[in-house]
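# Per-entry structural report
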Amino acid sequence: MKKLLFLFDTDPMPSTFDTVVGYDGGADRVIGYGGVTPSNVGALVDGTIFTRGPNEKRHTAIFIGGGNMVAGEQLLTAVSKRFFGSFRVSVMLDSNGSNTTAAAGVAQLAKGRDLGSMKAVVLAGTGPVGMRAAALLAKEGAVVSLTSRVKQRAEAACRTIEARFGALPHPVEAIDSEARAAAIKGAHIVFAAGAIGVELLEAQHWQSQSEIELIADCNAQPPLGIAGIEAVDKAKDRSGKVIFGALGIGALKLKLHRACIGQLFERSDQVLDAEQIYAQAKAMT
Ligand SMILES: NC(=O)c1ccc[n+]([C@@H]2O[C@H](COP(=O)([O-])OP(=O)(O)OC[C@H]3O[C@@H](n4cnc5c(N)ncnc54)[C@H](OP(=O)(O)O)[C@@H]3O)[C@@H](O)[C@H]2O)c1
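All of the points below concern the structure found in this document. As the structure is a prediction and not an experimental result, all values here were calculated from the model.

### Points about the nonpolar core
Residues Leu5, Phe8, Val79, Leu109, Leu137 and Phe191 are the most contacted members of the largest nonpolar core, which totals 70 residues. What Val79 contacts, discounting residues up to four positions off in sequence, is Phe8, Val41, Val45, Ile62, Ile64 and Val91. Among the nonpolar cores identified, the runner-up in size contains 19 residues, and Ala181, Val190, Ala203 and Ala227 belong to it.

Structure, rendered in structure tokens:
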């Protein structure tokens with residue numbers, strides 16, 4: 001029986017990235033839908049749960065993607081509500097690679113270290129990756145701040161994280177790189193989650209701050225999010241700090257993403273979200 005992965009994307013067009021990784025993770029066919037919302041997902045879910053017998057349903061799975069974390073979470077809730085009894089299939093939420101990227105980054109930071117009581121700043125943390133990274137750092141016991149260029153956006157992201165995970169990061173407005181440099185003063189961990197190709201910090205901003213121990217940057221496209229590092233850095237010592245660049249994080253992210261897709265087809269009752277994907281990342285690190 002063919003393994004079918006239905007890609008429900010909250011953006012207008014289904015992601016090519018998630019399509020490729022769907023195949024690489026073991027799906028025989030990836031079927032993408034764009035513009036999926038809680039109000040139009042019902043019939044799409046019904047088609048996945050009413051078509052195969054109880055022992056066959058594990059060959060059908062749903063992947064939720066798109067560039068908006070809140071929309072992804074709402075879609076996951078709507079999909080889960082449509083399930084009843086044994087009429088369900090396994091689902092994974094990974095809006096813009098949020099869970100897999102944040103899990104791969106934080107798991108590598110936490111490997112062999114206790115992040116508890118460390119101060120962490122997630123720069124430009126209002127996107128899907130930053131919101132999940134902030135949540136996972138808080139789960140590790142770090143005291144987390146999250147920056148945005150706009151205070152209300154930082155506050156909204158922090159409230160969303162609190163509603164889902166029970167931990168409230170501290171919202172910080174940081175309009176430019178000078179303000180972000182001020183925001184990382186006293187921090188032990190800097191996690192850069194800014195948009196692709198956007199430099200958030202100059203090299204001098206972090207090199208001169210003695211408290212910083214760990215830096216992760218998710219942006220692989222030059223200019224990198226943190227100047228003075230390399231995308232390939234993987235636990236690289238620079239100026240006495242341990243650095244993870246986007247490709248240093250990305251190798252585990254891809255491995256993890258593929259492994260999670262494979263896991264979806266093992267049973268029909270799984271929900272792979274931040275906690276499950278992070279547990280898998282820690283096991284793979
Ligand atoms: N390494 C990997 O394997 C991997 C996998 C997936 C994604 N990524 C990367 O992870 C990063 C985060 O992804 P995402 O989807 O969460 O990001 P995103 O939503 O595109 O952007 C994150 C935040 O960046 C801020 N931002 C946008 N333009 C900016 C500018 N000109 N100056 C300063 N801040 C700006 C915005 O925050 P405010 O408007 O609130 O300031 C935005 O919410 C991206 O660089 C992405 O390419 C890496």
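### A short note on the packing of aromatic side chains
Counting across every chain of the model gives four aromatic pairs. When the centroid spacing of 6.1 Å and the interplanar angle of 75° are considered together, the rings of Phe8 and Tyr33 count as edge-to-face. Taken as a pair, Phe8 in strand 1 (residues 4-9) and Tyr33 in strand 2 (residues 29-33) lie far apart in primary sequence, 25 residues in all. When the centroid spacing of 5.4 Å and the interplanar angle of 45° are considered together, the rings of Phe50 and Phe87 count as tilted. You can see Phe50 sitting in the loop between helix 2 (42-49) and strand 3 (60-65) and its partner Phe87 sitting in the loop between helix 3 (69-82) and strand 4 (90-93), a full 37 residues away along the chain. In this structure Phe87 comes out as partly exposed when scored by relative accessible area, which is 30%.

### Topic: helix 10 (residues 274-284)
Considered for burial, the residues of helix 10 that qualify are Ala274, Ile277, Tyr278 and Ala281. Here the buried residues of helix 10 occupy an arc of 100° about the axis, which is enough to place them on one side. Looking at the buried positions of helix 10, the neighbouring elements they touch are strand 4, helix 4 (98-110), helix 5 (128-139), helix 6 (151-165), helix 9 (246-264) and strand 12 (271-272).

### Focus on the site of the ligand
Taken together, 22 residues lie near the ligand, and Asn96, Thr126, Ser148, Arg153 and Gly194 sit nearest. At a separation of 2.7 Å, an oxygen atom of the ligand approaches a polar side-chain atom of Asn96. For the ligand, the protein covers 77% of the area, taking 930 Å² as the surface of the free molecule. When atoms are counted within 2 Å of each cavity's grid points, the one that captures over half of the ligand is the largest pocket. At the level of secondary structure, the elements contributing two or more residues to the shell around the ligand comprise helix 5 and helix 9. With three residues, the single largest contributor to the shell around the ligand is helix 9.

### Considering the pairing of strand 6 (residues 143-148)
Counted residue by residue, strand 6 has five buried out of six residues, so it is predominantly covered. Sheet analysis places strand 5 (residues 119-123) next to strand 6, joined by four bridges and oriented parallel. Residue pairing in the sheet places Lys119 in a bridge with Val143 of strand 6. Assessed by its sense of winding, the connection that carries the chain from strand 5 through helix 5 to strand 6 is right-handed. Summarising the sheet, strand 6 and strand 7 (residues 170-173) pair through four bridges and their orientation is parallel. Of the residues in strand 7, the one forming a bridge with Ser148 is Glu173.

Reading guide: rules and limits
- Residues numbered from 1 in each chain as written.
- Predicted model: local features only at pLDDT ≥ 70, side-chain atom pairs only at ≥ 80, totals over all residues.
- Heavy atoms only, no water.
- Core = buried A, V, L, I, M, F, W, Y, C linked by side-chain atoms within 4.5 Å.
- Buried < 20%, exposed > 50% of the residue type's maximum accessible area, 1.4 Å probe, protein only.
- Contact = heavy atoms within 4.5 Å.
- Phe/Tyr/Trp six-rings, centres within 6.5 Å; stacked < 30°, edge-to-face > 60°.
- Helix = DSSP H or I, 4+ residues; strand = E, 2+ residues; numbered from the N terminus.
- Arc of directions from axis to C-beta.
- Near = heavy atom within 4 Å.
- Polar contact = N/O pair within 3.5 Å; in protein donor to acceptor, adjacent residues only side chain to side chain.
- Areas by Shrake-Rupley, 256 points an atom, 1.4 Å probe, with all protein chains shown as cover.
- 1 Å grid on protein atoms, 1.4 Å probe; cavity = no way out; pocket = protein on both sides within 12 Å on 5 of 7 lines; lining within 4 Å.
- Sits in = over half its atoms within 2 Å of the grid points.
- Pairing = 2+ DSSP bridges.
- Right-handed = clockwise from strand over helix to strand, strands pointing away.

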